Amino acid sequence: MSAFNALKHALLELKQPEGVFLSLSFSLPSLSLLGWLKAQTHYPQIYLSDKDDQGEVAAIGQAWHTDQAEIPNDIHKARLYGGMGFSSHSIWPNFPHCQFVLPRLEIRRQGRITKLVCNLYWATSDFVSQVNTTLALLDSLNPAEALAKQSILISQRQDTPNKQDWRKLVEQVTDDDFQQLTAKVVLSRRTQLTSLTQVDQCALLHQWQMVNPNCFQFLFSFSPDSHFIGCTPERLYLRSGARLTTESLAGTMPRGATTEADEKLSYILLHDQKIKRENQLVLDDILAQLSKVSLDIGLDKIGILKLNQLQHLKQRIHAYLKPDASDHDLLNALHPTPAVGGTPRKSALAFIEQNEPYPRGWYAGAIGILSQQQSQFAVAIRSALIQHNQIALFAGAGIVKGSDPELEWQELEHKIATPLSLLQLN
Ligand SMILES: C=C(O[C@@H]1C=C(C(=O)O)C=C[C@H]1O)C(=O)O
Ligand SMILES: [Mg+2]
């Protein structure tokens, strides 16, 4: 009997247990989680993959959802998936600023072990309707589909801001008077592409993750018409019990064509004053924020993270948290870091809000898994919003004293090079 049938049987036999929450779990033969998600018609749909193949989950439907980054006590053993946008001032339709979902069904894979998890939660509804909606969902499931490479032909490209407006924005931030009060603002750009055909978000994400295995991969579709996907190298934090790991990831160079060229670029990354400043400002702010919620903080040596088309300066930070520090507190303290916002946070965010010509929504937001034992969030950069035949790619660059508009524009180009390479420009 398949795991799905076993679940159905278990539900048909089930008597209402004590309490308000039940999670049923069945082992599954290995399957492509994105291929399975692609075939389903039920929403919301969520996919999250840890970097370096350390586990993934595909989830559909919702037993419950909340607009707070908090786990209620009566489901303290559950995992919630979701996140929050960049700021509550810039919102996308179909993407609530903060949303965490207790999925109806999850497929989780850890190494070679795959399991089907079904969640029932009847604190705000009744038990029987929980069972019945789950049975209906099981009946609507489709078998996994192949993730064939699509040929996506792009007919139009539009950058917001365009290059001329970008220059003006960079000049405003690098102006001496502005710099007196605000040392860093991360400016960003939306590149809107029109495809001649419908784009499949799961197939595109699959292609993307194959070239960036050392990134966190994600997909959020709260409705059938809007899909937010990406492959991000940036961890906001990993918390296991009271231990926290985070990082300052900022400062960018492209990869070199040869080992020698690549090493030269790495050398620049480690020694260029402007790049070091970009990273140092992130580090300083994270350390200041963490000191409010931690008992102890430590730093690794600064190093380089190499990606498919880019390399970044990265410094890992460890902390031992105060006993009362919650994920809600951590998100508030850390997000958005100066890697995507700027510093001081208040004036940098005010500049972005007043001057950026499009809403960031969940781009540069915090996305991940919330649970009592362990939580992990990534920063939703290197991302795309897909709506029918429209693909919006997002990229930002940290602007500090010494940033050059032309070079920063090139940095944006490097940052969208991987998803662009998966599409065909006409
Ligand atoms: C904002 C983005 O990336 C951030 C900006 C970087 C930079 O300016 O060097 C590097 C990594 C991230 O901190 C993005 O990719 O959209
Ligand atoms: Mg930069």
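Going by the structure above, here's the rest.
This report concerns the structure included in the present document. (Residues numbered from 1 in each chain as written. Chains lettered and ligands numbered in written order. Predicted model: local features only at pLDDT ≥ 70, side-chain atom pairs only at ≥ 80, totals over all residues. Heavy atoms only, no water.)

### Notes on the packing of helix α8 (residues 273-293) against helix α9 (residues 327-334)
Selection rule: To get an axis, a line is fitted to the C-alpha atoms, and for a helix only the part in contact is used. The angle between two axes follows their N-to-C directions and goes from 0 to 180 degrees. Each helix corresponds to a stretch of at least 4 residues labelled H or I by DSSP, and each strand to a stretch of at least 2 residues labelled E; elements are numbered beginning at the N terminus. Should an angle fall under 35 degrees it is taken as roughly parallel, and over 145 as roughly antiparallel, whereas 65 to 115 is taken as roughly perpendicular and any remaining angle as oblique. Crossing chirality is assigned from the near helix's rotation relative to the far helix, an anticlockwise turn below a right angle marking it left-handed and a clockwise turn marking it right-handed. Contacts are residue-level and defined by heavy atoms, with any inter-residue pair within 4.5 Å sufficient.
Where α8 contacts α9, the axes come no closer than 9 Å and their chain directions differ by 155°. Between α8 and α9, the interaxial angle falls into the category roughly antiparallel. For the element pair α8 and α9, the recorded crossing hand is right-handed. Contacts between α8 and α9 involve Ile286, Gln289, Leu290 and Val293 from the former and Asp329, Leu330, Ala333 and Leu334 from the latter.

### Topic: the coordination of the magnesium ion (ligand 2)
To keep things clear, this is the line we draw: Shown as donors are all N, O and S atoms within 2.8 Å of a metal ion, widened to 3.2 Å for Na, K and Ca; because water is not in the atom set, sites may appear incomplete.
Coordination of the magnesium ion (ligand 2) by the protein involves Glu278 (OE) and Glu411 (OE), with metal-donor separations of 2.3 Å. One end of the pair, Glu278, is in helix α8; the other, Glu411, is in helix α11 (residues 405-415), with 133 residues separating them in the sequence.

### A word on the pattern of salt bridges
For the record, the criterion: A pair is scored as a salt bridge if a Lys or Arg side-chain nitrogen falls within 4 Å of a carboxyl oxygen belonging to Asp or Glu. In this scheme, a residue with accessible area under 20% of its type's maximum is buried, one over 50% is exposed, and one in between is partly exposed, where area comes from a 1.4 Å probe on protein chains only.
Evaluation of the coordinates by the stated rule reveals 21 salt bridges. The salt bridge partner of Asp159 is Arg189, with a shortest N-O separation of 3.9 Å. On the criterion of sequence distance, the pair formed by Asp159 in strand β7 (residues 153-160) and Arg189 in strand β8 (residues 184-195) is long-range, its members being 30 residues apart. Judged on exposure class, the residue Asp159 and its partner Arg189 are both buried. When the shortest N-O distance is used, the salt bridge between Glu413 and Arg189 registers 2.7 Å. Of this pair, Glu413 sits in helix α11 while Arg189 sits in strand β8, and the two are 224 residues apart along the sequence. In this structure Arg189 comes out as buried when scored by relative accessible area, which is 0%. Sharing partners across several salt bridges, the network here consists of Arg157, Asp159, Arg189 and Glu413.

### As for the site of ligand 1
Defined as follows: The criterion for a residue being near a molecule or strand is simple. One of its heavy atoms has to lie within 4 Å of it. Two N or O atoms form a polar contact when they lie within 3.5 Å of each other; inside protein one atom must be a possible hydrogen donor and the other a possible acceptor, and for residues adjacent in sequence the pair counts only when both atoms belong to side chains. Surface exposure here means Shrake-Rupley accessible area, sampled with a 1.4 Å probe, where a residue is shielded only by the protein chains that are shown. Throughout, the protein atoms alone are placed on a 1 Å grid, and a set of points is a cavity if a 1.4 Å probe fits but cannot get out or a pocket if it is open with protein on both sides within 12 Å along at least five of seven lines; lining residues have an atom within 4 Å of a point. Whether a molecule lies in a cavity or pocket depends on its atoms, and more than half of them have to be within 2 Å of the grid points. Lys, Arg, Asp and Glu make up the charged group, whereas Ala, Val, Leu, Ile, Met, Phe, Trp, Tyr, Cys and Pro make up the nonpolar group; the residues left over, Gly among them, are polar.
Every one of the 18 residues lining ligand 1 counts as a neighbour, but Leu249, Thr252, Tyr363, Arg382 and Gly396 are closest to it. Between ligand 1 and Glu278 there is a distance of 2.9 Å, counted from an oxygen atom to a side-chain nitrogen or oxygen. Protein burial of ligand 1: of its 390 Å² of free accessible surface, 100% is covered by the chains. Placement of ligand 1 is best described as lying within the largest cavity. Only β12 (243-254), β20 (390-399) and α11 provide two or more residues apiece to the shell around ligand 1. Residues of the shell around ligand 1, tallied by class, amount to eight nonpolar, five polar and five charged.

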